[in-house]
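Summary of structural features
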Amino acid sequence: MALEDAKKQVDTAITRPGMKGPSFENTFSGLPSFLRRTFTKDLSVADIAITGAPFDQAVTNRPGARLGPRAIREASALQSPDAPFGWGYDVMSAFAIADYGDLAFDYAAPADFPARLEAHIAGILAQDCAAITLGGDHSVTLPILRAHAARHGPLALIQFDAHTDSWPDDDPARVDHGTFVYKAVKEGLIVPERSIQIGIRTEVDDRLGIAGVDAPEVHRIGPDLVADRIREVVGDHPAYLTFDIDGLDPAFAPGTGTPVWGGLTTAQAAATLRGIAGINLVGGDVVEVSPPYDHAGITAVAAAHVAVELLCLWGWTRR
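Since this is a predicted model, take the numbers as computed values, not measurements. (Residues numbered from 1 in each chain as written. Predicted model: local features only at pLDDT ≥ 70, side-chain atom pairs only at ≥ 80, totals over all residues. Heavy atoms only, no water.)

**Side note on the overall build of the protein chain**
This is how it is decided: Comment: elements are numbered from the N terminus, with helices defined as DSSP H or I runs of at least four residues and strands as E runs of at least two. Radius of gyration: over C-alpha atoms. The globule rule applied is 2.2 Å multiplied by the number of residues raised to the 0.38 power. Between buried and exposed lies partly exposed: a residue is buried under 20% and exposed over 50% of the maximum accessible area for its type, with that area taken using a 1.4 Å probe on protein chains only. By definition in these notes, contact holds between two residues if any of their heavy atoms fall within 4.5 Å. Each accessible area is a Shrake-Rupley estimate made with a 1.4 Å probe; only the visible protein chains count as cover when residues are assessed. Positive charges come from Lys and Arg alone, negative charges from Asp and Glu alone, with His and the N- and C-terminal ends not counted. One atom stands in for each charge, and that atom is NZ of Lys, CZ of Arg, CG of Asp or CD of Glu.
Secondary structure summary: the protein chain contains 10 helices and 9 strands in total. Expected size for 319 residues packed as a compact globule is a radius of gyration near 20 Å; at 18 Å, the protein chain falls within 12% of this value. Overall, the C-alpha framework of the protein chain stretches about 60 × 45 × 35 Å when taken along its three principal axes. Residues classed as buried in the protein chain amount to 59% of the 319 residues present. Contacts in the protein chain between residues far apart in sequence, at least 24 positions, make up 73% of those at least 6 positions apart. For the protein chain, the exposed surface amounts to about 12500 Å²; the carbon and sulfur share of it is 55%. On the protein chain, the mean spot of the 26 positive side-chain charges and the mean spot of the 41 negative ones are 5 Å from each other.

**Some thoughts on the nonpolar core**
Here is the rule: In this text, buried Ala, Val, Leu, Ile, Met, Phe, Trp, Tyr and Cys residues form a nonpolar core when linked through side-chain atoms within 4.5 Å.
Judged by nonpolar contacts, the single largest core of 55 residues is most densely connected at Ile158 and Leu241. Considering each element in turn, this core owes the most residues, 12 residues, to helix H10 (residues 298-316). If we ignore the near neighbours within four places in the chain, the residues touching Leu241 are Ile158, Phe160, Leu273, Ile276, Leu281, Gly283, Gly284, Asp285, Leu310 and Leu313. Counting 38 residues, the second-largest nonpolar core is a separate cluster that includes Ala53, Ala58, Tyr240 and Val282.

**A closer look at the pattern of salt bridges**
Worth spelling out the cut-off: Whenever a carboxyl oxygen of Asp or Glu lies within 4 Å of a side-chain nitrogen of Lys or Arg, that contact is scored as a salt bridge.
In the structure shown here, the tally under the stated rule is 14 salt bridges. Measuring nitrogen to oxygen at the nearest pair gives 3.5 Å for the salt bridge that ties Arg229 to Glu232. Separated by 3 residues within a single helix, Arg229 and Glu232 lie in helix H8 (residues 223-234), roughly one turn from each other. Classification of Arg229 by relative accessible area gives partly exposed; the value is 31%. For Glu232, a relative accessible area of 56% translates into the label exposed. Between Glu309 and Arg274 there is a salt bridge, with the nearest N and O atoms lying 2.8 Å from each other.

**A closer look at the sheet that holds strand S6 (residues 196-198)**
Sheets are built from strands paired through backbone hydrogen bonds, the pairs being either parallel or antiparallel. Our working definition: Strands are labelled as partners when DSSP assigns at least two bridges between them. For helices, the axis comes from a line fit to the C-alpha atoms of the stretch in contact; other axes are also lines fit to C-alpha atoms, and the angle between any two N-to-C directions lies between 0 and 180 degrees.
Across the sheet, 9 strands lie side by side as S1-S3-S2-S4-S9-S8-S5-S6-S7; this open sheet has parallel pairing. Bordering the open sheet on either side are strand S1 (38-39) and strand S7 (211-213), each of which pairs with just one other strand. Both strand S5 (residues 156-160) and strand S8 (residues 239-244) contribute to a ladder of 5 bridges, which runs parallel. Bridged to Ile158 within S8 is Leu241. Strands in contact with helix H4 (residues 113-125) are strand S2 (48-53), strand S3 (97-102) and strand S4 (130-135); relative to S2, the strand with the most contacts, it is inclined by about 170°.

**Considering the packing of H4 against helix H5 (residues 141-152)**
The relative placement of two packed helices is expressed as an angle between their axes plus a distance between the axes. Put simply, the rule is: Orientation labels follow simple angle bins: below 35 degrees gives roughly parallel, above 145 gives roughly antiparallel, 65 to 115 gives roughly perpendicular, and whatever is left gives oblique. The handedness criterion is simple: a crossing whose near helix is rotated anticlockwise from the far helix by less than a right angle is left-handed, and one whose near helix is rotated clockwise is right-handed. As a working rule, the residues Ala, Val, Leu, Ile, Met, Phe, Trp, Tyr, Cys and Pro are called nonpolar, Asp, Glu, Lys and Arg charged, and the rest polar, with Gly in that last group.
Interhelical geometry of H4 versus H5 gives an angle of 40° and a closest axis separation of 8 Å. Between H4 and H5, the angle falls in the class oblique. Note on packing geometry: the crossing formed by H4 with H5 is right-handed. Judged by residue contacts, Pro114, Leu117, Glu118, Ile121, Ala122 and Leu125 of H4 engage Pro143, Ile144, Arg146, Ala147, His148 and Arg151 from H5. By residue class, the composition of the contact of H4 with H5 is 8 nonpolar, 1 polar and 3 charged.

**Looking at the packing of aromatic side chains**
The cut-off we apply is this: Here a pair means two rings of Phe, Tyr or Trp (six-membered ring of Trp) with centres within 6.5 Å. Their orientation is stacked below 30 degrees between planes, edge-to-face above 60, and tilted elsewhere. As a reminder, the over-ring test applies to NZ of lysine and CZ of arginine, requiring each to be within 6 Å of the ring centre and within 35 degrees of the ring normal.
All told, the structure shown has 7 aromatic pairs when counted by the stated rule. Between the aromatic rings of Tyr89 and Trp316, the centroid separation amounts to 6.1 Å while the plane-to-plane angle is 55°, which identifies the pairing as tilted. Here Tyr89, found in the loop between helix H2 (68-76) and helix H3 (91-94), pairs with Trp316, found in helix H10; they are 227 residues apart in sequence, far enough to count as distant. Accessibility expressed as a relative area gives 10% for Tyr89, which makes it buried. Judged by its relative accessible area of 26%, Trp316 is partly exposed. Between Phe105 and Phe113, the aromatic rings sit 4.8 Å apart at their centres with planes inclined by 75°, giving edge-to-face as the arrangement. Classification of Phe105 by relative accessible area gives partly exposed; the value is 22%. What makes Phe113 buried here is its relative accessible area of 1%. Linked through ring pairs, Phe55, Phe105 and Phe113 together constitute an aromatic cluster. It is Arg62 that lies over the ring of Tyr293; its NZ or CZ is 4.0 Å from the centre.

**Concerning helix H9 (residues 266-275)**
Along H9, the residues that are buried comprise Gln268, Ala269, Ala270, Thr272 and Leu273. Tucked into the core, H9 has its buried residues touching S5, helix H7 (215-221), H8, S8 and H10.

Here's what the structure looks like:
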């Protein structure tokens with residue numbers, strides 16, 4: 001197939017004959033599944049699934065991340081015809097990637113959301129399929145970690161973020177996008193000494209024993225040494241990678257709820273993610289994309305690239 005096939009391809013999210021290979025459907029039309037992958041709830045032949053968690057009722061500042069999964073899917077169409085740059089293999093052709101759609105939940109019962117999301121992710125993992133989640137605010141990562149830890153044991157956490165999200169919160173009923181790391185440590189979901197945070201540029205009293213390469217240090221030492229540091233901390237431990245889009249500087253990701261200046265560039269993020277190829281990644285997410293504050297869709301485009309990098313990272317050790 002080639003780009004000339006666009007004239008006969010449409011809605012490949014539901015019409016494509018299989019789950020592998022690029023898509024040459026016009027990027028500006030049709031159903032916007034992630035990378036034009038097949039929309040399906042049947043993961044029996046899928047290797048990895050993309051799913052959405054459109055929840056933003058735990059934000060402290062600007063809302064809108066509930067619209068993130070839709071925007072990221074639309075932006076991902078730009079990447080669907082080509083193998084991801086810099087990886088040396090085409091994850092779309094090497095693996096069966098499905099779009100599992102979004103989690104269904106009652107928006108008027110936010111307290112029920114974490115348990116519903118945990119069960120949703122656990123249902124994907126139970127089908128011997130990995131999961132990459134599109135958020136949603138950063139509170140979604142906690143129930144996702146619960147599902148992954150139940151299957152893989154306590155995880156190494158790799159977190160790209162402007163904030164540590166480790167503020168104390170001992171109320172199990174609270175759902176807060178700024179406390180998921182604190183709760184994950186207290187629940188034993190992650191191994192602090194195997195975990196690392198990249199791009200932090202806000203003050204916090206207690207890092208809970210988690211290593212960090214703060215944003216100024218990223219700028220000083222560069223992505224190659226940052227990647228070395230991540231691999232040194234994580235080792236071969238099963239790892240989960242969460243990428244809060246506000247880890248990027250607002251110049252590269254204005255569409256987010258809590259922007260902080262001085263962040264990573266998209267080039268730094270891309271080089272760092274590619275530099276950790278070979279880690280034992282078992283799952284990941286990209287969160288906090290708020291389309292109402294985006295300009296020209298650049299935040300959604302960045303998030304779609306991050307999600308593709310997560311797919312490539314997951315597939316690197318499984319090719």
